[in-house]
Amino acid sequence: MSELIAGPAITAFFRDGFEETAWRWETRRAYGVPHESEDFQRFLRGEPPCRDLDRPWLVTMRALREEGKRVGRVRVLDQPPTDYQRWLLEDVLDSVEAGEDIRYLPRAEADGLGVSMRDFWLFDSRTLGLFHYDGDISLGMELRQDPAEVDAARRIQALATAPAQPAAEVVRRVRSSM
């Protein structure tokens, strides 16, 4: 295994680590991200979210959009959504407004695709950023350029993107069902 980049280094990688496109396959039911834990606990207590439109990820996404780079992802969504997935839906539209194309695919449909359910980023359709986890905690992202692995990631992107619903539609639907 090559070196892993993690945490803020992943956000930093987005500044100059790819030329045109980045796409994420996000499949987990929860992520143990230390800097998110306080906000998530507030959400579980029913407290309103603390919106921070200047957090590093959103600043980076706005800068990439201004440079003409495209960032997208498909998140696999349980039915009903897990607490963590519901929490992500609380501010997903901030990411969309910053420039990300975020879509959701129900887990049953994702499972029906017959593809790997391992999280990754695909950069410029030629570099794979494969995530490694210890439980729900990300250990980091390993960059790979193996043609077979990249082809498999492109296949997942093609299969998952078309049926996935835009974030705004999913937010409306989930909120109306609560």
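**Quick notes on the overall build of the protein chain**
Counting its secondary structure elements, the protein chain contains 7 helices and 8 strands. Computed over C-alpha atoms, the radius of gyration of the protein chain comes to 16 Å, within 12% of the 16 Å expected from 2.2 N^0.38 for 178 residues, which places it in the range of a compact globule. Considered along the principal axes of its C-alpha atoms, the protein chain spans approximately 45 × 35 × 35 Å. The buried share of the protein chain, reckoned over its 178 residues, is 41%. Considering only intrachain contacts with a sequence separation of at least 6, the fraction spanning at least 24 residues in the protein chain is 75%. Taken together, the 25 basic and 32 acidic charged side chains of the protein chain have centroids lying 3 Å from each other.

**Remarks on the environment of V71**
Within the secondary structure, V71 is located in strand β3 (residues 70–77). Accessibility expressed as a relative area gives 5% for V71, which makes it buried. Each C-alpha atom, one on V71 and one on W23, is 5.8 Å from the other, the two residues being 48 residues apart in sequence. Those residues in contact with V71 that lie beyond four places of it in its chain are F14, F18, A22, M61, L64, G99, E100, D101 and W121.

**Side note on the sheet that holds strand β6 (residues 127–134)**
Hydrogen bonds between backbone groups are what pair the strands of a sheet, and the pairing can be parallel or antiparallel. Strand order in the open sheet formed by 8 strands is β1-β7-β6-β5-β2-β3-β4-β8, with mixed pairing between adjacent strands. Edge positions in the sheet fall to β1 (4–5) and β8 (165–166), since each of these pairs with one other strand and no more. Across 2 bridges, the pairing between strand β4 (residues 100–106) and β8 is antiparallel. Bridge pairing in β8 links R103 to P166. Contacting β2 (21–26), β3 and β4, helix α4 (residues 83–98) crosses the sheet at an angle of about 150 degrees to β4.

**Some thoughts on the packing of aromatic side chains**
We describe a pair of aromatic rings using the distance from one ring centre to the other and the angle between the two ring planes. Under the criterion given, the structure shown has 17 aromatic pairs. Across from the ring centre of Y133, 3.9 Å away, lies the NZ or CZ of R28, which sits over that ring. The cationic tip of K69 hangs over the ring face of F18; the distance from NZ or CZ to the ring centre is 5.0 Å.

**Comments concerning the pattern of salt bridges**
Close approach of charged atoms allows side chains with opposite charge to pair. With the rule as written, the count across this model stands at 22 salt bridges. Notably, a salt bridge pairs D78 with R29, separated by 3.0 Å at the nearest N-O pair. Of this pair, D78 sits in the loop between β3 and α4 while R29 sits in the loop between β2 and α2 (37–44), and the two are 49 residues apart along the sequence. Across the pair D124 and R126 runs a salt bridge whose closest N-O atoms are separated by 3.8 Å. Assessed through its relative accessible area of 12%, D124 is described here as buried. Through salt bridges with shared partners, a single ionic network connects R24, E26, R73, R75, E100 and D119.

**A closer look at α4**
Between the first and last C-alpha of α4 there are 24 Å, a value that for 16 residues agrees with the 22 Å anticipated at 1.5 Å per step. The sharpest bend along α4 reaches about 45 degrees and sits at D91. Within the sequence span of α4, burial applies to Y84, Q85, W87, L88, L89, V92, D94, S95 and A98. Where α4 ends, the next residue or the one after it, G99, has phi of about 130 degrees, a positive value.

**Focus on the pairing of strand β7 (residues 137–144)**
Each regular strand carries side chains that alternate between the two faces of the sheet. Pairing analysis gives 2 bridges linking β1 to β7, with the strands arranged antiparallel. Each residue of the ladder has a partner; that of L4, found in β7, is E142. Where β6 meets β7, 7 bridges bridge the pair, whose relative direction is antiparallel. Across the sheet, L128 pairs through a bridge with R144, a residue of β7. In this antiparallel pair of consecutive strands, β6 and β7, the connection spans 2 residues, and G135 shows a positive phi of 65 degrees.

Cut-offs used in this document
- Residues numbered from 1 in each chain as written.
- Predicted model: local features only at pLDDT ≥ 70, side-chain atom pairs only at ≥ 80, totals over all residues.
- Heavy atoms only, no water.
- Helix = DSSP H or I, 4+ residues; strand = E, 2+ residues; numbered from the N terminus.
- Rg over C-alpha atoms; globule rule 2.2 N^0.38 Å.
- Buried < 20%, exposed > 50% of the residue type's maximum accessible area, 1.4 Å probe, protein only.
- Contact = heavy atoms within 4.5 Å.
- Lys, Arg positive; Asp, Glu negative; His and termini not counted.
- Charge placed at Lys NZ, Arg CZ, Asp CG, Glu CD.
- Pairing = 2+ DSSP bridges.
- Axes fitted to C-alpha atoms, helices over the stretch in contact; angles between N-to-C directions.
- Phe/Tyr/Trp six-rings, centres within 6.5 Å; stacked < 30°, edge-to-face > 60°.
- Lys NZ or Arg CZ within 6 Å of the ring centre and 35° of its normal.
- Salt bridge = Lys/Arg side-chain N within 4 Å of Asp/Glu carboxyl O.
- Expected span 1.5 Å × (residues − 1).
- Bend = angle between axes of the 7 residues up to and from the residue.

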